[in-house]
Amino acid sequence: MNDSNEHIDDLFKNGLDGIAPTPPNSNWQKIANQLEGEELDAYVADNLNKIEVDPQPEIWNNIKKKLPLSLLVRNQLNWLSGIAAALVIFMVAVLLLNPKETITTNTPIAQSEKTTTPLEITPLEEEVDFVFAIEEDKKTTSASEELSLEDEKTIEDFWSFVMDDDEDFVVDEALIEKSLEPILPLPVEDSEAYLPENLKSLEPVYEFSQEPIFLPEVENFTIVN
Amino acid sequence: MSKLNINNLIKTPHLEGIITQDVIQSCIAGRRASQELLYQYFAPRMFGICLRYGHDYPTAEDLLQEGFIKVFNKLDRYRYEGSFEGWMKRIFINTAIEHYRKSSNRKFFVEIEHATELTLKSVALDSLATQDLLKVVQKLPTGYRTVFNLYAIEGYNHKEIGKMLGISEGTSKSQLARARATLQKNIKSLK
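Here is what the cut-offs are and how they apply
- Residues numbered from 1 in each chain as written.
- Chains lettered and ligands numbered in written order.
- Predicted model: local features only at pLDDT ≥ 70, side-chain atom pairs only at ≥ 80, totals over all residues.
- Helix = DSSP H or I, 4+ residues; strand = E, 2+ residues; numbered from the N terminus.
- Contact = placed C-beta atoms within 7 Å.
- Buried ≥ 20, exposed ≤ 12 C-beta atoms within 10 Å, placed from the backbone.
- Core = buried A, V, L, I, M, F, W, Y, C linked by C-beta atoms within 7 Å.
- Nonpolar A, V, L, I, M, F, W, Y, C, P; charged D, E, K, R; others polar.
- Expected span 1.5 Å × (residues − 1).
- Arc of directions from axis to C-beta.
- pLDDT = per-residue confidence, 0-100.
- Axes fitted to C-alpha atoms, helices over the stretch in contact; angles between N-to-C directions.
- Parallel < 35°, antiparallel > 145°, perpendicular 65-115°, else oblique.
- Left-handed = near helix turned anticlockwise from the far one by under 90°.

Engineer: In this structure, what is going on with the overall build of chain A? I would like to understand it.
Structural biologist: Helix and strand counts for chain A come out as 8 helices and 0 strands. N-terminal to C-terminal, the α/β element order of chain A is α-α-α-α-α-α-α-α. In chain A, the share of contacts with a sequence separation of at least 24, taken over all contacts with a separation of at least 6, comes to 79%.

Engineer: In this structure, what is going on with the overall build of chain B? I would like to understand it.
Structural biologist: If you tally the helices and strands in chain B, you get 9 helices and 0 strands. The secondary structure elements of chain B, listed N-terminal to C-terminal, are α-α-α-α-α-α-α-α-α. Across the 191 residues in chain B, those meeting the buried criterion constitute 35%. Of the contacts made within chain B by residues no fewer than 6 positions apart, 66% connect residues no fewer than 24 positions apart.

Engineer: Honestly, the nonpolar core in this entry has me stumped. Any pointers?
Structural biologist: Soluble globular proteins tend to bury their nonpolar side chains together. With 28 residues, the main nonpolar core has M46(B), C50(B), L64(B) and F92(B) as its most contacted residues. Of all the secondary structure elements, the ones that give two or more residues to this core are helix 2 (21–28), helix 3 (32–53), helix 4 (57–74) and helix 5 (84–104) of chain B. Ranked by residues supplied to this core, first place goes to helix 3 of chain B with 11 residues. In this structure, V44(A), L48(A), A177(B) and L183(B) belong to the second largest nonpolar core, which totals 21 residues.

Engineer: Can you walk me through the interface of chain B and chain A in this structure?
Structural biologist: Much of the literature gives interface size as the accessible area that the parts lose upon coming together. Each partner contributes residues to the interface: chain B has 36 residues there, and chain A has 31 residues. Among the secondary structure elements, those contributing two or more residues to the side of chain B that touches chain A are helix 3, helix 4, helix 6 (130–139), helix 7 (142–153) and helix 9 (169–190) of chain B. Top contributing element to the side of chain B that touches chain A by residue count: helix 3 of chain B, with 11 residues. Across the side of chain B that touches chain A, the residue classes break down as 20 nonpolar, 9 polar and 7 charged.

Engineer: Any chance you could explain unusual backbone geometry here in plain terms?
Structural biologist: Excluding glycine, most residues fall at negative phi; most peptide bonds, likewise, are trans. Residue and element names in this part refer to chain B. Phi is positive for Y80, close to 60°, though the residue is something other than glycine. Its place among the elements puts Y80 in the loop between helix 4 and helix 5. Exposure remark for Y80: the 10 C-beta atoms within 10 Å place this residue in the exposed category.

Engineer: I'm lost on helix 4 of chain B in this one. Help?
Structural biologist: Note on helix geometry: an α-helix contains 3.6 residues per turn, so any two residues three or four positions apart are oriented the same way. All names here are of chain B. Taking 1.5 Å of rise per residue, the 18 residues of helix 4 would be expected to cover 26 Å, and the 26 Å separating its terminal C-alpha atoms lies within 8% of that figure. Considered for burial, the residues of helix 4 that qualify are A60, L63, L64, G67, F68, V71 and F72. Viewed along the axis of helix 4, the buried residues span an arc of 160°, placing them on a single side of the element.

Engineer: How do you make sense of the confidence of the model for chain A when you look at a structure like this?
Structural biologist: Residues shown with low pLDDT carry predicted positions that ought not to be read at fine detail. Residues and elements named next belong to chain A. Summing up the model confidence of chain A, the mean pLDDT is 70 and the portion of residues at 70 or higher is 55%. When mean pLDDT is taken per element in chain A, helix 3 (residues 58–65) scores highest with 88 and helix 5 (residues 99–102) scores lowest with 56. Ignoring residues within four places in sequence, the model shows residues 133–144, a span with pLDDT below 50, making 25 contacts including any to other chains.

Engineer: I'm lost on the packing of helix 2 of chain B against helix 3 of chain B in this one. Help?
Structural biologist: All names here are of chain B. The contact between helix 2 and helix 3 brings their axes to 7 Å, and the two run at 125°. For the element pair helix 2 / helix 3, the angle class is oblique. Where helix 2 crosses over helix 3, the two elements pack in a sense that is left-handed. Residues V23, S26 and C27 of helix 2 form the contact with helix 3, whose own contacting residues are S34, Q35, L37 and L38. Grouping the constituent residues of the contact of helix 2 with helix 3 by class yields 4 nonpolar, 3 polar and no charged.

Engineer: How do you make sense of the confidence of the model for chain B when you look at a structure like this?
Structural biologist: Residue and element names in this part refer to chain B. Taken residue by residue, chain B gives an average pLDDT of 79. The fraction at 70 or more is 77%. Throughout residues 1–16 the model reports pLDDT below 50, and contacts reaching past four residues in sequence, or to other chains, amount to 19 contacts. A low-confidence stretch, residues 110–118 stays under pLDDT 50, and its non-local contacts, those more than four residues away or across chains, total 17 contacts. Model confidence for the complex: the whole-complex pTM is 0.53, and ipTM, which rates the interface, is 0.72.

Engineer: Sorry if this is basic, but what is going on with the packing of helix 8 (residues 158–165) of chain B against helix 9 of chain B here?
Structural biologist: Residue and element names in this part refer to chain B. The N-to-C vectors of helix 8 and helix 9 enclose an angle of 105°; their axes lie 8 Å apart at closest approach. Put simply, helix 8 runs roughly perpendicular to helix 9. Facing helix 8, whose interface residues are H158, K159, I161 and G162, helix 9 presents E169, S172 and K173. Tallied by class, the residues present in the contact of helix 8 with helix 9 amount to 1 nonpolar, 3 polar and 3 charged.

Engineer: Honestly, the environment of M46(B) in this entry has me stumped. Any pointers?
Structural biologist: Residues and elements named next belong to chain B. Structurally, M46 can be placed in helix 3. The exposure class of M46 is buried, given the 26 C-beta atoms found within 10 Å. With 22 residues separating them in the primary sequence, M46 and F68 have C-alpha atoms 9.0 Å apart. Apart from the residues lying within four places of it in its own chain, the contact partners of M46 are L64, G67, M88 and F92.

Spelled out as structure tokens, the structure:
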């Protein structure tokens, strides 16, 4: 086996040892080009690599105008703005992840109530007891919040109830007209005529021992969910 | 690293080896005097690079200005590894590449996968002045000039150039071959 291998080796060695084919001319051209190119590169690099040219003095003035005051300060500001941005993102994320807390409660758009607050003015003891009852219409209106879908539905139901024709319901127009009449002030001269008989002889004294009492405003309303 | 007093350095701005860590730190802190010192020291060398990459003097000035603003804005990123001049040079080369990417939109780079074999004839280069040589390089089309600068002067290979310019390796080779041919032609016409 070894003898046969050696025989093949010798065969190739003897056959290829003196071989010298002529390469095509294009090969040399490529090598020459490469050498020429490299020579040119080296020449240009040697001459231009280390050139130093003084620029115009105005260049520095232009650069100066655009330079930051301090990179340290800028970095600090960047750092702080980064923290601020992270906080904002965190807060937005918290709000988005807990949407229930952000929904406004079903607050009625407007609630109006009539509260009658009697204002009592107590005259002097020796004088006639006059009790003036002043009715105050107090309208308590809650701020209208953004309407939710449920609110809108409630309003629609309400209006459909109002607009619904009810045959049993009779409108007392006379009562409405009367309620719309302006309330005439009681003339001071004739006020005595309205007094009971036993009090007419008494001289009315219009001095008050104390300041009129104004009761605090009553905000009596409820939030209907 | 030698510690030098900034105040003393500023009085002698044109001495070799004055750009130390202290000067760089002072520039980062925003001291104008130190920034000017750095500029005065490196501007001529960097302007040489800009002149090679720009096709004319005003363009080179723009590149110099843009490059120095970048240097001062990124100075805190320099990690004192390798030469500071090399770091600056890289910024200026990148500035030139970005500039031509924006302005030319790569119209100068013709995609040619196989470089045309261009025969270069021997030209006597000895008598050519540096200024003339610079003009010849500046006259090259932008694509040719950029590839030639990166390959022949900065020493990048075609793979790196292709990556930097966003072109193929073959295009880089073809641009270089054409740049060389044009250079030889222009040098011949000067003589």
